[in-house]
Amino acid sequence: MTAPLRLGTRGSALAMAQSGQVAAALTAATGREVELVEVVTAGDRSAAPVHRLGVGVFVSALRDALVARTIDVAVHSYKDLPTAAAPGLFVAAVPARQDPRDALVATGGRTLAELPPGATIGTGALRRIAQLHALGLQLEVVPIRGNVDTRLARVLGPDADLDAVVLARAGLARLDRADVITETLDPMLMLPAPAQGALAVECRVDAPDLVELLAVLDHAPSRAAVIAERAFLATLEAGCSAPVAAYAELAEGDAGDEIYLRGAVTSPDGSRDLRLSRTGTPADAAEIGKALAAELLDLGAHSILGRNGHAGPGTQEFGSTE
């Protein structure tokens, strides 16, 4: 009998849920049995802001396990991956992406516009903090960390101390908690993080049979969208916790499918909010992302991001889960 594939995953409820969904889809498509192997990452062990831990803090332990051959496959939240490729490893599949938009969970079923001035709203991402400030709603934005349940408890639990939190809609959906969403935020108000809602199924390049097996899970439109968004992020030389947002959508154009990519770089206090868009074909996804980033850099995005793509002096970046 063929041994079960060992699928490495972080141990959080969300990571286990999304890895379990990938495992079930792979078994359904190929008949191959899959077992989940929990891998503890540095990000799971620390409560510090992610920018103090480094890019890829939720990824490196899984990649180390792949290289060490203690697992065969790893599933990542794609937005956690560094933009540079990992030697010897390959993203063999990008499954169909969940809705990448951000979601509001507020007391009293309120929408963002219904929150009064001075209302407290929690989020872990500098990107969200910056865009909330840019809206000029006079909200008190509170940096928070923790898993999905911990964050929801800040609004819905018996010891709730916030009026609202912003989370990725995809994470709530994967945990069957979409019922708590009081508003799915329009990207015109809040652009998501590059690759938000997408998963990366990764394996070693020296396992061609496995690369071929995993390809059954690949969703070409989702991969093209993620390529455009991450090329945008890489060209800006910004990490996953920088105040950078991007959202690529595929639609049918006059000459076939087109990618419509929107990108933004926003100062942490919201005083500068640079936004542009660009279109092209899926085959040119990476070039679209690079070109859009170059346009924003010409407009002064580098002065927001700093020399190395990080937030400017005096700012803090707080890591976020899906």
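Residues numbered from 1 in each chain as written. Predicted model: local features only at pLDDT ≥ 70, side-chain atom pairs only at ≥ 80, totals over all residues. Heavy atoms only, no water.

S.K.: Break down the layout of surface pockets for me, citing the residues and quoting the values.
M.R.: To find leftover empty space, one rolls a probe the size of a water molecule over the atoms. If you add up the space inside the largest pocket, you get close to 380 Å³. Lining the largest pocket are 21 residues, and of these Tyr78, Thr83, Ala85, Ile227 and Arg230 sit closest to its centre. When residues of the lining of the largest pocket are traced back to their parent elements, those giving at least two are strand E4 (89-93), helix H8 (220-235) and helix H9 (285-298). Of the residues belonging to the lining of the largest pocket, the class tally is 14 nonpolar, two polar and five charged. (1 Å grid on protein atoms, 1.4 Å probe; cavity = no way out; pocket = protein on both sides within 12 Å on 5 of 7 lines; lining within 4 Å. Points joined across faces, edges and corners; volume = space filled by probe spheres on them. Helix = DSSP H or I, 4+ residues; strand = E, 2+ residues; numbered from the N terminus. Nonpolar A, V, L, I, M, F, W, Y, C, P; charged D, E, K, R; others polar.)

S.K.: A description of the packing of H8 against H9 should follow, citing residues and the corresponding values.
M.R.: Interaxial distance between H8 and H9 falls to 7 Å at its minimum, and their mutual angle equals 35°. In the packing of H8 onto H9, the handedness of the crossing is right-handed. Of H9, the residues touching H8 (which contributes Ala224, Ile227, Ala228, Ala231, Phe232 and Thr235) are Ala285, Ala286, Gly289, Lys290, Leu292, Ala293, Leu296 and Leu297. Among the residues making up the contact of H8 with H9, the classes are represented as eleven nonpolar, two polar and one charged. (Axes fitted to C-alpha atoms, helices over the stretch in contact; angles between N-to-C directions. Left-handed = near helix turned anticlockwise from the far one by under 90°. Contact = heavy atoms within 4.5 Å.)

S.K.: An account of H8 is requested, with residue identities and associated values reported.
M.R.: Taking 1.5 Å of rise per residue, the 16 residues of H8 would be expected to cover 22 Å, and the 22 Å separating its terminal C-alpha atoms lies within 8% of that figure. Of all the residues in H8, the buried ones are Ser222, Ala224, Ala225, Val226, Ala228, Glu229, Arg230, Ala231, Phe232 and Leu233. Those residues of H8 that are buried lie in contact with strand E11 (244-253), strand E12 (256-266) and H9. Phi turns positive one or two residues past the end of H8, at Glu237, with a value near 55°. (Expected span 1.5 Å × (residues − 1). Buried < 20%, exposed > 50% of the residue type's maximum accessible area, 1.4 Å probe, protein only.)

S.K.: Can you tell me about the sheet that holds strand E9 (residues 183-184), naming the residues and giving the values?
M.R.: Across the sheet, five strands lie side by side as E7-E6-E8-E5-E9; this open sheet has mixed pairing. Each of the sheet's edge strands pairs with one partner strand only, and the pair in question is strand E7 (140-143) and E9. Pairing of strand E5 (residues 102-106) with E9 involves two bridges; the strand directions are antiparallel. The partner of Ala103 across the bridge, within E9, is Thr184. (Pairing = 2+ DSSP bridges.)

S.K.: Got a sec to walk through the side chain of Arg127? Specific residues and values, please.
M.R.: Inspection of the secondary structure puts Arg127 in helix H4 (residues 126-134). Among the residues examined, Arg127 registers a relative accessible area of 4% and is labelled buried. In terms of polar contacts, Arg127 uses its side chain to reach the side chain of Asp102, at 2.9 Å. Of the polar contacts made by the side chain of Arg127, one reaches the side chain of Gln196; its length is 3.2 Å. Among all residues touching Arg127, those that are not within four sequence positions of it are Asp102, Met190, Leu191, Pro192, Ala193, Gln196, Ala242, Pro243, Val244 and Ala245. (Polar contact = N/O pair within 3.5 Å; in protein donor to acceptor, adjacent residues only side chain to side chain.)

S.K.: Requested: an account of the pattern of salt bridges, with residues and values cited.
M.R.: Considering all chains together, one arrives at 16 salt bridges under this definition. Arg110 is the partner of Asp163 in a salt bridge, and the nearest nitrogen-oxygen pair spans 3.8 Å. Highlighted residues: Asp163 in the loop between helix H5 (148-156) and strand E8 (164-168) and Arg110 in the loop between E5 and strand E6 (120-123), separated in sequence by 53 residues. Looking at Arg110, the relative accessible area reads 21%, which means it is partly exposed. (Salt bridge = Lys/Arg side-chain N within 4 Å of Asp/Glu carboxyl O.)

S.K.: Can you break down the nonpolar core residue by residue, with the values?
M.R.: Core analysis: the largest hydrophobic core is formed by 23 residues, its most contacted members being Phe232, Leu236, Val244, Ile259, Leu261 and Val265. In this structure, Val34, Val201, Cys203 and Leu214 belong to the second largest nonpolar core, which totals 17 residues. (Core = buried A, V, L, I, M, F, W, Y, C linked by side-chain atoms within 4.5 Å.)

S.K.: Run through the sheet that holds strand E2 (residues 34-38), naming residues and quoting values.
M.R.: Taken together, five strands build an open sheet; the order of strands is E2-E1-E3-E10-E4 and the sheet is mixed. If you trace the sheet from one side to the other, it starts and ends with E2 and E4, each paired once. For this sheet the average axis-to-axis angle between neighbouring strands, irrespective of direction, equals 35°. In terms of strand pairing, strand E1 (residues 5-9) meets strand E3 (residues 73-77) through two bridges, oriented parallel. The residue of E3 that forms the bridge with Gly8 is Ala74. Packed on one face of the sheet, helix H3 (residues 60-67) meets E1, E3, E4 and strand E10 (199-204) and runs near 165° to E3.

S.K.: How would you summarise the pairing of E7 if you had to cite specific residues and measurements?
M.R.: The pairing of E6 with E7 spans four bridges and is classified as parallel. The residue of E7 that forms the bridge with Thr120 is Glu140.

S.K.: Give me unusual backbone geometry: which residues, what numbers.
M.R.: With phi around 65°, Arg69 is a residue other than glycine that occupies positive phi space. Relative to the helices and strands, Arg69 resides in the loop between H3 and E3. A positive phi angle is found at Gln138, which is not glycine, with a value near 60°. Within the secondary structure layout, Gln138 lies in the loop between H4 and E7. Given the relative accessible area of 60%, Gln138 is considered exposed.

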